[in-house]
Amino acid sequence: KNFTFKWLKRCYILVAFNLVLLAILISSARILFISIDDYKDQAINWLTSKYQVEISIDDISAGIDFSGMVLILDNVTLLDSEELPFVLTLDNLLIHLNFWDSVTERQANFDHISLQGADFTLKNRQQITTSTQSQLTIDRLKDIFLTQLKKVSIKNSQLHFTDQLGRKKSIIIEQLHWLNADDHHQGIGLASFPNTFGRNSMKFVMELSPEEDEKPL
C-alpha cells in the first residue's frame, strides 16, 4: 500500500509540474503573439522572406485554437497573378506553430497551414503568359505545399475553370486534408457543386508520386 501511495504521489507531482510548465510556456507565447499587430510590416516581410512568395494581406493577427498557436492572415492575395496560370485569393490563411519543435530548434517552426475561403481560378490557355518569374513562383509553391509543410487544410473554398466547350464551371471544396510524409502526398476531401453545398457531397482522394511531383504545372 505504501509503495502504491508513493508511486501515485510521484505521478501526481509529475503531471502537475508538466501542466504548470505547459501553462507558463503557452502564456509566454500568447504575450508575444498578442503584440504581433505592432510589428505587422515586419511579420509580413518575414513571411515573404521565409517562403519566397509575394503576397498582399489586409490584416495579420495571432491567437490560439484547438491545435495551438496560429498566425491569422486576412484577405490574402497571391501577387504576380498576371503571369501565373491561375488567380488565388484567400479570406483567411492560418499558419500553425509547431510549439515543441520551435522550442527544440530555437526558431519558429510552422508545419501546418489552413486555407479558408480560398478562391482558385484556372486561366484559359490564351490568358497564360509564361515567364521565368511565374515558373519560379510555381516551383516555390510546390516546395511549400509538398515539402516544407506536413499538413494543409482547406475549407469552404471554390475552384473555377472553363471546360473544353468554353463553359464556366465551379466546384466547391467543402474540406480537404492534405498530408505530406517524405515522398508520399495524399489528400482526402469533400466536394460539391454550387447550390448543392452540404448535399450530395462527393468524397475524393488525391495522391501524388515522386515522378508526378517533377512534372511541370
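Just above, that's the structure.
Residues numbered from 1 in each chain as written. Predicted model: local features only at pLDDT ≥ 70, side-chain atom pairs only at ≥ 80, totals over all residues. Heavy atoms only, no water.

Across the chain, the bulk of peptide bonds are trans and the bulk of non-glycine residues have phi less than zero. Despite not being glycine, N156 shows a phi value in the positive range, around 45 degrees. On the secondary structure map, N156 appears in strand β7 (residues 151-162). Phi at D182 is positive, roughly 55 degrees, even though this residue is not glycine. By the element assignment, D182 lies in the loop between β8 (168-181) and β9 (184-192). (Helix = DSSP H or I, 4+ residues; strand = E, 2+ residues; numbered from the N terminus.)

With that out of the way, let us pick up the side chain of H112. Along the polypeptide, H112 turns up in strand β5 (residues 110-116). Side-chain polar atoms of H112 contact the side chain of S153, separated by 3.2 Å. Apart from the residues within four sequence positions on either side, H112 is in contact with L94, I95, H96, L149, K151, V152 and S153. (Polar contact = N/O pair within 3.5 Å; in protein donor to acceptor, adjacent residues only side chain to side chain. Contact = heavy atoms within 4.5 Å.)

Counting across every chain of the model gives one aromatic pair. Measuring from centroid to centroid gives 4.9 Å for F86 and F120, while their planes differ by 20 degrees, and the two rings are stacked. In this pair, F86 sits in strand β4 (residues 86-97) while F120 sits in strand β6 (residues 119-122), placing the two residues 34 residues apart along the sequence. (Phe/Tyr/Trp six-rings, centres within 6.5 Å; stacked < 30°, edge-to-face > 60°.)

Note on strand geometry: in a regular strand, side chains alternate between the two faces of the sheet. As paired elements, β4 and β6 share four bridges and run antiparallel to each other. Looking at the pairing, F86 lines up with L122 of β6. (Pairing = 2+ DSSP bridges.)

Take the pattern of salt bridges next. Pairs can form between side chains of opposite charge once their charged atoms are near each other. Throughout the structure, instances matching the rule amount to one salt bridge. Salt-bridge contacts for D163 lead to R167; the nearest nitrogen and oxygen are separated by 2.9 Å. (Salt bridge = Lys/Arg side-chain N within 4 Å of Asp/Glu carboxyl O.)

Nonpolar side chains tend to gather and get buried jointly when the protein is soluble and globular. By size, the foremost hydrophobic cluster in this structure holds 34 residues, and its most contacted members are L73, L93 and I95. Looking at this core, the elements with two or more residues in it are α2 (40-51), β3 (68-78), β4, β5, α4 (132-148), β7 and β8. Sequence-distant contacts of L73, that is, excluding residues within four places in its chain, are made with L47, I55, I57, D59, I60, D91, N92, L93 and I95. (Core = buried A, V, L, I, M, F, W, Y, C linked by side-chain atoms within 4.5 Å. Buried < 20%, exposed > 50% of the residue type's maximum accessible area, 1.4 Å probe, protein only.)

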